[in-house]
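Chain by chain, the residues:
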Amino acid sequence: MSKIGDQRRADILQAALKEFSLRGIGGVSMSEIAARAGIGKSTIYEYFLSKTELFSASCRAKIQRIEEQFQSIFMQEIPFSRQYELYVEMMLGLAQEIDFNEVLQMFTDGTLTELKLVMEELGTDVTAMVEQAIRRAQATGELVSDLDVDITAACLLSLPNPHLIFRLRQLGKKDPEKAVVKLALRGIRAEDSQKAVQ
């Protein structure tokens with residue numbers, strides 16, 4: 001596909017995602033998506049065979065952008081504690097930009113089933129990135145060496161609860177993201193383990 005074709009496809013996906021979030025897959029027409037993208041309806045069909053295919057592709061594109069954010073964090077050669085802090089901040093940002101009413105409108109039983117596999121792929125890929133980052137941190141001595149990497153990754157990925165951070169802010173806590181990171185890493189950082197021994 002040419003650069004123009006790639007850009008047009010990206011424009012269609014962006015327009016579709018916006019329309020689907022406003023009206024749901026059943027409440028939006030291909031004509032409305034085309035109008036938002038600034039193209040003719042027939043042009044959409046040059047790229048996507050159906051509205052369902054377009055919906056799936058637009059969701060995959062959004063998920064791909066999120067995965068790229070994860071990669072930009074966990075593939076950096078910086079301390080794991082900083083990676084985790086960036087992860088918490090990213091998850092908080094994602095939570096703030098999501099309108100859950102729009103999300104509920106977007107999905108039907110059929111589209112939920114279809115996207116389940118995409119979300120499982122994302123979860124698997126992100127978990128692998130975090131596990132790799134944990135192993136690097138163990139190799140550098142930042143994290144203790146006797147961690148169960150699978151369990152540690154699962155726990156760390158589940159911790160950044162936006163409600164917790166919002167509540168800490170309400171309580172007047174300074175830098176609640178850093179407080180959550182410090183709590184999450186307590187006992188698994190090598191320096192904490194060494195202090196406990198002394």
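Keep in mind the model is a prediction, meaning the values are calculated, not measured. (Residues numbered from 1 in each chain as written. Predicted model: local features only at pLDDT ≥ 70, side-chain atom pairs only at ≥ 80, totals over all residues. Heavy atoms only, no water.)

Draft legend 1. Here's a closer look at the overall build of the protein. A count of helical and extended segments in the protein gives 11 helices and zero strands. Considering the protein as a whole, with its 198 residues, one finds that 39% of them fall into the buried category. Nonlocal contacts in the protein, meaning residues at least 24 apart in sequence, comprise 65% of its contacts between residues at least 6 apart. (Helix = DSSP H or I, 4+ residues; strand = E, 2+ residues; numbered from the N terminus. Buried < 20%, exposed > 50% of the residue type's maximum accessible area, 1.4 Å probe, protein only. Contact = heavy atoms within 4.5 Å.)

Draft legend 2. Here's a closer look at the pattern of salt bridges. One pass over the full model with this rule turns up four salt bridges. Residues Arg36 and Glu19 are paired through a salt bridge, measuring 2.5 Å at the closest nitrogen-oxygen approach. Of the two residues, Arg36 is situated in helix α2 (residues 30-37) and Glu19 in helix α1 (residues 3-23); the sequence distance between them amounts to 17 residues. On the basis of relative accessible area, Arg36 is assigned to the partly exposed category, the value being 42%. Residue class for Glu19 comes out buried when judged on its relative accessible area of 4%. Three or more residues are tied together by salt bridges with common partners; here these are Arg82, Glu85 and Lys178. (Salt bridge = Lys/Arg side-chain N within 4 Å of Asp/Glu carboxyl O.)

Draft legend 3. Up close: the packing of aromatic side chains. In total, this model carries five aromatic pairs according to the counting rule given. A centroid spacing of 6.3 Å and a plane angle of 20° characterise the contact between Phe80 and Tyr84, whose relative ring orientation is stacked. Of the two residues, Phe80 and Tyr84 both sit in helix α5 (residues 80-97), four residues apart, roughly one turn of that helix. Considered together, Phe80 and Tyr84 belong to a single accessibility category, that of buried residues. (Phe/Tyr/Trp six-rings, centres within 6.5 Å; stacked < 30°, edge-to-face > 60°.)

Draft legend 4. View of helix α8 (residues 149-158). Inspection of α8 places Val149, Thr152, Ala153, Leu156 and Leu157 among the buried residues, and these make up the whole buried set. Seen from one end, α8 has its buried residues packed into an arc of 125°, which puts them on one side. Exposed side of α8, more than 90 degrees from the buried face: Ile151 and Ser158 are the residues found there. (Arc of directions from axis to C-beta.)

Draft legend 5. Representation of the packing of α1 against helix α4 (residues 51-74) in the model. For the pair α1 and α4, interaxial distance at closest approach is 9 Å and the crossing angle is 100°. When the interaxial angle is binned, α1 and α4 end up roughly perpendicular. For the pair α1 and α4, the contacting residues are Arg9, Ile12, Leu13, Ala16, Leu17 and Phe20 in the first and Lys51, Leu54, Phe55, Ala57, Ser58, Cys59, Ala61, Lys62 and Arg65 in the second. By residue class, the composition of the contact of α1 with α4 is 10 nonpolar, one polar and four charged. (Axes fitted to C-alpha atoms, helices over the stretch in contact; angles between N-to-C directions. Parallel < 35°, antiparallel > 145°, perpendicular 65-115°, else oblique. Nonpolar A, V, L, I, M, F, W, Y, C, P; charged D, E, K, R; others polar.)

Draft legend 6. Inspection of the packing of helix α9 (residues 162-170) against helix α10 (residues 176-185) at higher detail. Interhelical geometry of α9 versus α10 gives an angle of 120° and a closest axis separation of 9 Å. Classified by the interaxial angle, the pair formed by α9 and α10 is oblique. Where α9 crosses over α10, the handedness of that crossing is right-handed. Contacts from Leu164, Ile165, Leu168 and Arg169 in α9 reach Pro176, Glu177 and Val180 in α10. By residue class, the composition of the contact of α9 with α10 is five nonpolar, no polar and two charged. (Left-handed = near helix turned anticlockwise from the far one by under 90°.)

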